[in-house]
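# Tertiary structure, described
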Amino acid sequence: HNYRPLMGTSFSDGSITYCQSSGNSTASEWIQSIALGTYTNNSGDNGGYLDNTTNPVSVECGQSYSFTGTPGFSNRSRREFWRAWIDLNIDGDFSDAGEEVFAANGKKGSVSGSISIPAGLTGDTRMRVSMKYNAVPDPCEQIPYGEVEDYTLTFTPPVPQAPVSDFSGDPTTVTEGNSVDFTDLSLNDPTSWAWTFAGGTPASSTEQNPTVTYDTEGTYEVSLTATNDVGSDTKTVTDYITVNSSGSTSYCESSSQS
């Protein structure tokens, strides 16, 4: 529902009470819409404040979401300062480290960025979005020109996903008889790895981060299949490792007159 708070009132989520903040009901600018990931709320002018906490938005822990804020104006566009806060530890304020999750300064049009949700969170919490003309907003203030919107976020466990295989080798160019250290860079927490190394010793490995020796000149392919309970993914890079000949060692002749 839309609600214009009175000066000095507070908002409560069950046993948690949040500080009051709102814009000016007669201001010439407002938050037209916000988008968080696939969620969009195009609410328009709400008289300085929108309480949208009765419609929870689910967010997965450990994930990042795109964020977009779009202003609305009754006359001409003006330079707006945006802030978004999330009460990550659910203690009723927005003052803890990392709880300011988005900032944009002095923009006349839409602003965008990303908001990261830390891993391991549970429960419902408050997200507050503020837009203020010509100055940085505070999460607990009466904004003379602009608007404040409150949302409820529900933290959910991340949905398991199959790995996205990736790796690196260091170095990728060696001389015969030298070794390469391989590092698994796969996403989504694989639990097993199957490497193949053309021209290498060993030629295959199930270690996460193996070391491989190359004894013969040439260029060689590397492949990694990463697997977890959801599925698997394979990355293959041809001509990834270059092995140069070690050559033969010779010294210049030396002689004396006597």
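Note that the structure is predicted; figures quoted are calculated from it, not measured. (Residues numbered from 1 in each chain as written. Predicted model: local features only at pLDDT ≥ 70, side-chain atom pairs only at ≥ 80, totals over all residues. Heavy atoms only, no water.)

### Some remarks on the overall build of the chain
Basically, it comes down to this: A run of DSSP states H or I qualifies as a helix once it reaches four residues; a run of E qualifies as a strand once it reaches two. Both are numbered from the N-terminal end. Just to be clear, the radius of gyration here is over C-alpha atoms, and the globule rule we use is 2.2 Å times residues to the power 0.38. Accessible area is worked out with a 1.4 Å probe on protein chains only. A residue is then buried under 20% of its type maximum, exposed over 50%, and partly exposed in between. Note on contacts: a residue pair qualifies if any of its non-hydrogen atoms lie within 4.5 Å across the two residues. Working convention for charge: Lys and Arg count positive, Asp and Glu count negative, and His plus the chain ends are omitted. Just so you know, the charge point we use is NZ for Lys, CZ for Arg, CG for Asp and CD for Glu.
On a plain count of helices and strands, the chain comes out with 0 helices and 20 strands. Since a compact globule built from 258 residues should have a radius of gyration of about 18 Å, the 29 Å found for the chain marks it as more spread out than a globular shape. Its C-alpha atoms put the chain at 105 × 55 × 30 Å along the principal axes. Here the chain holds 258 residues, and 40% of them are scored as buried. Of the contacts formed within the chain by residues at least 6 apart in sequence, a portion of 67% connects residues at least 24 apart. Both charge centroids of the chain, one from 11 positive and one from 32 negative side chains, sit 23 Å from each other.

### So, the pairing of strand β19 (residues 218-227)
Short version of the rule: For two strands to count as paired, DSSP must find a minimum of two bridges between them.
In terms of strand pairing, strand β15 (residues 192-197) meets β19 through 6 bridges, oriented antiparallel. Within the sheet, the bridge partner assigned to Ser 192 lies in β19 and is Thr 227. Where β19 folds back onto strand β20 (residues 232-244) in an antiparallel hairpin, the turn is made up of 4 residues.

### Describing the sheet that holds strand β10 (residues 123-133)
Put simply, the rule is: Angles run from 0 to 180 degrees between N-to-C directions of axes, and those axes are lines fitted to C-alpha atoms, restricted for helices to the stretch in contact.
With mixed pairing, 5 strands are arranged side by side in an open sheet as β5-β11-β10-β7-β8. At either end of the open sheet lies a strand with only one pairing partner, and these are β5 (49-60) and β8 (100-107). On average, each strand axis in the sheet is inclined to that of its neighbour by 15 degrees, with strand direction left out of account.

### Focus on the state of the cysteines
Test applied: Only a pair of cysteine sulfur atoms within 2.5 Å qualifies as a disulfide here.
Considering all chains together, one arrives at 1 disulfide under this definition. At a sulfur-sulfur separation of 1.8 Å, the disulfide partner of Cys 19 is Cys 140. Judged by the torsion about the S-S bond (-70 degrees), the Cys 19/Cys 140 disulfide is left-handed. Separated by 121 residues along the polypeptide, Cys 19 in the loop between β2 (16-18) and β3 (29-36) and Cys 140 in the loop between β10 and β11 (146-156) bring together distant segments of the chain.

### What to know about the sheet that holds strand β16 (residues 200-201)
Sheet strands pair by backbone hydrogen bonding; their relative direction is either parallel or antiparallel. Strand order in this open sheet of 4 strands is β12-β14-β18-β16, and the pairing throughout is antiparallel. What marks the edges here is a single partner per strand, and that holds for β12 (167-170) and β16. Here β12 pairs with strand β14 (residues 178-184) via 4 bridges, running antiparallel. Residue pairing in the sheet places Ser 168 in a bridge with Thr 183 of β14.

### Quick notes on the pairing of strand β6 (residues 64-73)
With 7 bridges joining them, β3 and β6 adopt antiparallel strand pairing. When the bridges of β6 are listed, Ser 33 appears paired with Thr 70. When β6 meets strand β9 (residues 111-116), the two strands line up antiparallel, connected through 6 bridges. Directly across from Thr 68, in β9, lies its bridge partner Ser 112.

### What to know about the packing of aromatic side chains
Defined as follows: Centres within 6.5 Å make a pair out of two Phe, Tyr or Trp rings, where for Trp the six-membered ring is used; the pair is then stacked when the planes are under 30 degrees apart, edge-to-face when over 60, and tilted otherwise. Either the NZ atom of lysine or the CZ atom of arginine qualifies as a charge over a ring when it sits within 6 Å of the ring centre and within 35 degrees of the ring normal.
Under the definition given, this model contains 11 aromatic pairs. Pairing Phe 182 with Trp 195 gives two aromatic rings, centres 5.7 Å apart and planes at 50 degrees, and the pair type is tilted. Of this pair, Phe 182 sits in strand β14 while Trp 195 sits in strand β15, and the two are 13 residues apart along the sequence. Ring pairing ties together the aromatic residues Phe 167, Phe 182, Trp 195, Phe 197 and Tyr 240, which thus form one cluster. Seen from the ring of Tyr 145, Arg 78 lies directly overhead, with NZ or CZ sitting 5.3 Å from the centre.

### A closer look at the side chain of Arg 83
The line we're drawing: Identification of polar contacts relies on pairs of N or O atoms within 3.5 Å, with a donor-acceptor requirement for protein atoms, meaning one able to donate a hydrogen and the other able to accept it, and with residues adjacent in sequence counted only if both atoms are side-chain atoms.
You can see Arg 83 is positioned in strand β7 (residues 80-86). In this structure the side chain of Arg 83 is engaged in a polar contact, spanning 2.8 Å, whose partner is the side chain of Asn 105. Dropping the residues within four chain positions of it, Arg 83 is found in contact with Glu 100, Phe 102, Ala 103, Ala 104, Asn 105, Arg 128, Val 129, Ser 130, Val 136 and Pro 137.

### Here's the deal with the side chain of Ser 21
With respect to the helices and strands, Ser 21 occurs in the loop between β2 and β3. Assessed through its relative accessible area of 0%, Ser 21 is described here as buried. Separated by 2.7 Å, the side chain of Ser 21 and the backbone oxygen of Glu 141 make a polar contact.

### So, unusual backbone geometry
Here Asp 170 and Pro 171 are connected by a cis peptide whose omega angle stands at -10 degrees. For Pro 171, the position within the fold is in the loop between β12 and β13 (173-175). Looking along the chain, the bond that leaves Thr 201 and enters Pro 202 is cis, with omega of 5 degrees. Here Pro 202 is to be found in the loop between β16 and β17 (204-205). With a phi angle near 55 degrees, Ile 90 is a residue other than glycine that sits in the positive phi range. With respect to the element layout, Ile 90 can be found in the loop between β7 and β8. Residue class for Ile 90 comes out partly exposed when judged on its relative accessible area of 26%. In the Ramachandran plot, Asn 134 falls in the positive-phi region, its phi being about 65 degrees despite a non-glycine side chain. Following the sequence through the fold, Asn 134 ends up in the loop between β10 and β11.

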